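Analysis of the macromolecular model
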Amino acid sequence: MPRILACCLATAALALVPSTAGPAGKPLGAGKVVADVSQAPSTQRSPAESPLPPKKAIAEVSEAEEDEVRRKVAASAEAAAPAVEAPFKDAAEKKWRAPAATFGFQQDAAPVLDRRKFSTLKRPLRSYEPGSIHQAHVSREYAGGTRKYAQSMDLIGNTPLVDITSVCKPKHPDTVVLGKVEFFNPGYSMKDRIMANIFNKAEEEGKLRPGMTVVAASSGNTGCSVAMMCAIRGYKAVVITNDKCSEEKKAAIRAYGADLLISPPGACYMQMETDLADENPDWFSVDQYNNLDNPNGHYRSTGPEIYEQTDGEVTHFVAAGSTGGTISGIGTYLKEKKGDDVTIVLADPTGSVFKNYFKTGTLCAPKPFLVEGVGKNNIPGAMDFAVVDALVEVGDKDALKMCAKIARSTGLCVGGSSGLNVEACARLAEQSDEPLTIVTMLCDSGVKYLSKIFNEDWLAENDISID
């Protein structure tokens, strides 16, 4: 048996010796015009050193020589191994350290969390105004006043937190992945929270008055919430979106009575909101991408709910960003309660500019991606990178495959942004040696995407196969 092993090791070592042959066995430089070197002084080249002992019959190879072959092959392999950049967590010191390089099948999976945060983004957190997203007088009326039954506005917030650990295989048996079921809001998404807060604040401050028109740019869900809120409170709504928005979300916006505008190809729908507001002084511009009442809505509602529902045991909060309101508001609340004992993780679709900005503080060229309502080609004012500890990049295919997995293993039909969030959570759970309590947002219902991510023809057109 040792002799056979020696032959195998010898074969492996030969594979590491540089070859003078090019592709398909052709000599390097074949077919090229080269200078005449016949008159040039000859240069003696020593042959490449082989880790093999001098050629012997198999019977003559000693165990010592066999061990020496094994040592040299291992050394050659280690020299050829790529360095592993990503850090890992030292459980004893609670610090992230760079691991030693390994090779081939021995190499561990790259750590999920990218913590290489640009220095200028390591700044103090924003401060948000405490309070509630519900109007005080309305809450009192329902809680024991003149109203016996709930109304639609009372349904916003206080959504359940459900165990969805079954979608992954955590490395530690005590790790749990929890999803905040935001499609239990009346508008079927978490955007109802921020719109309740924005409308309440605008009315209190006199910026939004009876008879006015509300204009909002949205990838879809905020537009639905704006249209719903205007229907409840008696305002006219104008919503602007783009062609990426699903037909279901477009239909929902119109169902509430709003006027829906689709931005032309190449036009910025966010700029269209600004232009329309400038042209119509009696219109109220929601400006969700820069309005700090957006993250404040999550600071006042979702953050406290998550902390209370987990009894303060949440260790990681994972959420994608678009306006940045969700991760900024919730992350700030949890950081105020737990400090460094909670890690705030931004899940980002491949093609978004957030990853590069997180690492370098500069913008890069965005690339197209399929998942709606997450990622961006710019940095909105509502996004506070100071609260983000780490980032996980997720591609379209993995995000959308996770949507199918969630539906088929938990019975929850969720949209693409939820799939992206949960995929990031699953990667984190499957690599951590420590027990984690991971919380994420199930942002909206998959019913809003039946024509896309749950449609076999659409998936096939985008080269996505669901097993």
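Residues numbered from 1 in each chain as written. Predicted model: local features only at pLDDT ≥ 70, side-chain atom pairs only at ≥ 80, totals over all residues. Heavy atoms only, no water.

- An unreviewed UniProt entry lists the chain under the name Cysteine synthase, from Aureococcus anophagefferens.

Considering the sheet that holds strand E5 (residues 213-217)
- Taken in spatial order, the 4 strands of this open sheet run E7-E6-E5-E8, and their pairing is parallel. The sheet terminates laterally at strand E7 (259-262) and strand E8 (283-285), the two strands that pair on one side only. Each neighbouring strand pair of the sheet contributes to a mean axis angle of 20°, computed without reference to strand direction.
- Relative to E8, E5 runs parallel, the two being bridged by 3 bridges. Across the sheet, threonine 213 pairs through a bridge with tryptophan 283, a residue of E8. (Pairing = 2+ DSSP bridges. Helix = DSSP H or I, 4+ residues; strand = E, 2+ residues; numbered from the N terminus. Axes fitted to C-alpha atoms, helices over the stretch in contact; angles between N-to-C directions.)

Let's talk about the state of the cysteines
- Following the criterion strictly, the structure yields 0 disulfides and no others.
- Between cysteine 425, a free cysteine, and cysteine 168, which holds the nearest cysteine sulfur, the sulfur-to-sulfur gap is 8.2 Å.
- Looking at cysteine 443, it has no disulfide partner, and the nearest cysteine sulfur is the one in cysteine 403, 10.0 Å off.
- Here cysteine 443 falls in the buried class, since its relative accessible area comes to 6%. (Disulfide = S-S within 2.5 Å. Buried < 20%, exposed > 50% of the residue type's maximum accessible area, 1.4 Å probe, protein only.)

Side note on the pairing of strand E4 (residues 176-181)
- Most of E4 sits out of view: 5 of its 6 residues are buried.
- Looking at chain direction, E4 and strand E12 (residues 437-442) are connected through 6 bridges and run parallel. Residue pairing for E12: valine 177 is matched across the bridge by isoleucine 438.

Considerations on the sheet that holds strand E11 (residues 390-394)
- Pairing within the open sheet is mixed, and its 6 strands lie in the order E3-E4-E12-E9-E10-E11. With partners counted over all chains shown, the strands left at the sheet margins are strand E3 (161-163) and E11, one partner each. Neighbour-to-neighbour, the strand axes of the sheet open up by a mean angle of 30°, direction not taken into account.
- Across 5 bridges, strand E10 (residues 343-349) lies against E11 in parallel orientation. In the strand pairing of E11, proline 349 is matched with valine 394.

What to know about the pattern of salt bridges
- Scanning the model with the defined rule gives 21 salt bridges in all.
- Notably, a salt bridge pairs lysine 180 with glutamate 305, separated by 2.7 Å at the nearest N-O pair. Linking lysine 180 in strand E4 with glutamate 305 in helix H9 (residues 302-309), this pair joins segments that are 125 residues apart in sequence. An identical accessibility class is assigned to lysine 180 and glutamate 305; each is buried. (Salt bridge = Lys/Arg side-chain N within 4 Å of Asp/Glu carboxyl O.)

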